[in-house]
Amino acid sequence: MRYAWHASGTYDRHTRTGGSNGGTMRFETERADPENAGFSKAHALAVKALFPALSMADIIILAGHVAIEHTGGPAVPFSYGRRDFGGCAASASMAEKESPTIDAMRGTFDRLGFDDKETVALIVLGHQYGRCHGDASGFEGAWREGLGYPSAYTHGVARGGYRLSPGVLAARNQRQYEMDFGGGEPFMMLVSDMCLWYDEEYRRHLLHYDSHRSEFRRDAALAWKKLTELGCAGTLVPERETKAA
Ligand code: HEM
């Protein structure tokens, strides 16, 4: 899912460049971006031979859709037709920062064309899956599916149930937080996750979603679809239409 997010997150609405069309994450040039560290593992799993009719660009995105639905998240209608370009500009970069300020975060999502509410839906959707890896981002710790979407954030943070992760990254001057929900590893929080609570606007949407779960599921699905189709205008065909035809 993170692979699909970073493949899409290069989009720039001002220049209308980037996005998942092109499948440029296939190239070492793009995977070498420090923000994409660790994606060679994900790339090795995206097996084109099993899906000859799809481009790698489509497979990367479809994997994200399937991961969300398979783990009890919303079903996102898939559209295919992305092409695999023959090369990749050296400048293709996610420009996602590991310890962003609120302004930098807002700037990233504005470049992509998302407002604050969509930003909250996307980050809360994404940061309940998988984990951080010391050898990729320098952060260590797990998220957990099935904690009830936004409630992991609002209940934990609002009740002051979070703490600075003891000593993990002191040497690199990177902060990360964690919360206990019982059973297993603590639930980790990156600075970007904490920003959803620190910033008044983000917090308003977080609290709203916590008491409107179906709206959260609907908005998260719409935002994920929008994200993964950035830069693909005119190239995509909805899966359902093909089935009906
Ligand atoms: C400002 C925004 C964001 C920041 C700064 C951020 C940062 C990070 C970092 C540092 C990691 C750890 C990577 C590693 O160590 O392997 C991570 C993991 C992850 N992120 Fe984000 N992220 C952001 C937004 C998103 C969004 C919008 C999504 C999806 C909708 C997402 C989905 C994920 C997933 C699924 C993982 C776990 C990957 C794995 O288990 O290998 N993130 N993120």
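Throughout, residues of each chain are indexed from 1 in the direction in which the sequence is written. Local features in this predicted model are restricted to residues of pLDDT 70 or higher, and side-chain atom pairs are both shown and tallied only at a pLDDT of 80 or more, whereas totals for entire chains, interfaces and linings draw on every residue. Calculation of side-chain values draws on the structure's entire complement of heavy atoms; hydrogens and water are dropped beforehand.

Trainee: Summarise the coordination of the iron atom of the ligand; cite the residues concerned and give the values.
Mentor: Just one protein atom coordinates the iron atom of the ligand, and that atom is His127 (NE2), at 2.1 Å. By the element assignment, histidine 127 lies in the loop between helix 6 (116-126) and strand 2 (131-132). A donor here means any N, O or S atom no more than 2.8 Å from the metal (3.2 Å for Na, K and Ca); water is not included, so a site may seem to lack partners. Helix and strand definitions follow DSSP, with helices as H or I runs of at least four residues and strands as E runs of at least two, each counted in order from the N terminus.

Trainee: Could you give an account of the nonpolar core, naming the residues involved and the relevant values?
Mentor: If you look at the biggest cluster of nonpolar residues, it comprises 50 residues, and the most contacted ones within it are Leu112, Phe114, Tyr153, Met189, Leu196, Trp224 and Leu227. Each of domain 1 (2-95 + 227-244) and domain 2 (102-221) contributes no fewer than three residues to this core. The residues contacting methionine 189, other than those within four sequence positions of it, are Tyr153, Val157, Gln176, Tyr177, Glu178, Met179 and Met194. The nonpolar core is taken to be a set of buried Ala, Val, Leu, Ile, Met, Phe, Trp, Tyr and Cys residues, with the residues joined through side-chain atoms within 4.5 Å. Exposure is judged per residue with a 1.4 Å probe applied to protein chains only, and the accessible area is read against the type maximum: over 50% gives exposed, under 20% gives buried, and values in between give partly exposed. A domain assignment, automatic or from a database, supplies the domain bounds used here. In this description, contact between two residues means that some pair of their heavy atoms is separated by no more than 4.5 Å.

Trainee: Summarise unusual backbone geometry; cite the residues concerned and give the values.
Mentor: At arginine 16, a position not held by glycine, the phi torsion is positive, near 55°. Inspection of the secondary structure puts arginine 16 in the loop between helix 1 (2-8) and helix 2 (28-31). Of the residues examined, arginine 16 reaches a relative accessible area of 70% and is grouped as exposed.

Trainee: So what about a nonpolar patch on the surface? Which residues, and what values?
Mentor: Patch definition: residues with relative accessible area over 30% and no salt bridge; like charges joined within 9 Å; nonpolar side chains (Val, Leu, Ile, Met, Phe, Trp, Tyr) joined within 5 Å. Residue burial considers only the protein chains on display, and all accessible areas are found by Shrake-Rupley using a 1.4 Å probe. Just to be clear on terms, a salt bridge is a Lys or Arg side-chain nitrogen sitting within 4 Å of an Asp or Glu carboxyl oxygen. Taken together, the side chains of Val47, Leu50 and Phe51 define a hydrophobic patch exposed on the protein surface, amounting to about 280 Å² of accessible area. Within the element layout of this structure, leucine 50 appears in the loop between helix 3 (39-45) and helix 4 (56-70).

Trainee: I'd like to hear about helix 4, residue by residue, with values.
Mentor: Each helix should span, by expectation, one fewer than its residue count multiplied by 1.5 Å. With 15 residues, helix 4 extends 20 Å from end C-alpha to end C-alpha; this agrees with the ideal 21 Å at 1.5 Å per step. Those residues of helix 4 that sit buried are Met56, Ala57, Asp58, Ile59, Ile60, Ile61, Gly64, His65 and Ile68. In this structure, the buried side of helix 4 is in contact with helix 1, helix 3, strand 1 (79-80), helix 6 and helix 10 (213-228). Where helix 4 ends, the next residue or the one after it, glycine 72, has phi of about 90°, a positive value.

Trainee: Requested: an account of the pattern of salt bridges, with residues and values cited.
Mentor: Within this structure, the stated rule accounts for 17 salt bridges. Between arginine 13 and aspartate 110 there is a salt bridge whose closest N-O contact spans 2.9 Å. Residue arginine 13 is located in the loop between helix 1 and helix 2, and its partner aspartate 110 is located in helix 5 (residues 102-112); the two are separated by 97 residues in the primary sequence. Relative accessible area serves as the criterion here: at 36%, arginine 13 is assigned to the partly exposed category. Measuring nitrogen to oxygen at the nearest pair gives 2.9 Å for the salt bridge that ties arginine 163 to glutamate 178. On the criterion of sequence distance, the pair formed by arginine 163 in strand 4 (residues 162-164) and glutamate 178 in strand 5 (residues 177-179) is long-range, its members being 15 residues apart.

Trainee: Help me get a handle on helix 10, residues and values and all.
Mentor: For helix 10, which comprises 16 residues, the first-to-last C-alpha distance of 22 Å matches the rise-based estimate of 22 Å (1.5 Å per residue) to within 8%. Glu215, Phe216, Asp219, Ala220, Ala221, Ala223, Trp224, Lys225, Leu227 and Thr228 are the residues of helix 10 that are buried.

Trainee: Describe the packing of aromatic side chains, with residues and values.
Mentor: Between the rings of Phe, Tyr and Trp (Trp by its six-membered ring), a pair exists once the centres lie within 6.5 Å; its type follows the angle of the planes, with under 30 degrees stacked, over 60 edge-to-face, and the other angles tilted. Taken as a whole and assessed by the stated rule, the structure comprises five aromatic pairs. With 5.6 Å between their ring centres and 5° between their planes, tryptophan 5 and phenylalanine 109 make a pair best called stacked. Separated by 104 residues along the polypeptide, tryptophan 5 in helix 1 and phenylalanine 109 in helix 5 bring together distant segments of the chain. Overall, the relative accessible area of 6% leaves phenylalanine 109 in the buried class. Taken together through their ring pairs, the aromatic side chains of Trp5, Phe109 and Phe114 make up a single cluster.

Trainee: Can you break down the environment of histidine 133 residue by residue, with the values?
Mentor: Relative to the helices and strands, histidine 133 is located in the loop between strand 2 and strand 3 (141-142). When neighbours within four sequence positions are excluded, histidine 133 is seen to be in contact with Gly138, Phe139 and Glu140.

Trainee: So what's going on with the packing of helix 6 against helix 10? Residues and values would help.
Mentor: Helix axes are fitted to C-alpha atoms over the stretch in contact, other axes to C-alpha atoms as well, and angles between N-to-C directions run from 0 to 180 degrees. The N-to-C vectors of helix 6 and helix 10 enclose an angle of 95°; their axes lie 9 Å apart at closest approach. Classified by the interaxial angle, the pair formed by helix 6 and helix 10 is roughly perpendicular. Contact residues: Lys117, Glu118, Ala121, Leu122, Val124 and Leu125 in helix 6; Glu215, Phe216, Asp219, Ala220, Ala223, Trp224, Lys226 and Leu227 in helix 10. In this classification, Asp, Glu, Lys and Arg are treated as charged, Ala, Val, Leu, Ile, Met, Phe, Trp, Tyr, Cys and Pro as nonpolar, and every other residue, Gly included, as polar. Taken together, the residues that form the contact of helix 6 with helix 10 break down as nine nonpolar, no polar and five charged. Under this scheme an angle from 65 to 115 degrees is roughly perpendicular, one under 35 degrees roughly parallel, and one over 145 degrees roughly antiparallel; angles in between are oblique.

Trainee: Lay out the environment of arginine 175 with the relevant residues and their values.
Mentor: Position of arginine 175 among the secondary structure elements: in the loop between strand 4 and strand 5. Residues arginine 175 and leucine 190 lie 15 residues apart in sequence; the distance between their C-alpha atoms is 7.5 Å. In this structure arginine 175 touches Phe139, Leu164 and Val191, once residues within four positions along its chain are discounted. Polar contacts, as used here, are pairs of N or O atoms within 3.5 Å; protein pairs need one atom able to donate a hydrogen and one able to accept it. Residues neighboring in sequence count only if both atoms are side-chain atoms. Here the side chain of arginine 175 touches tyrosine 177 through a polar contact of 3.2 Å, side chain to side chain.

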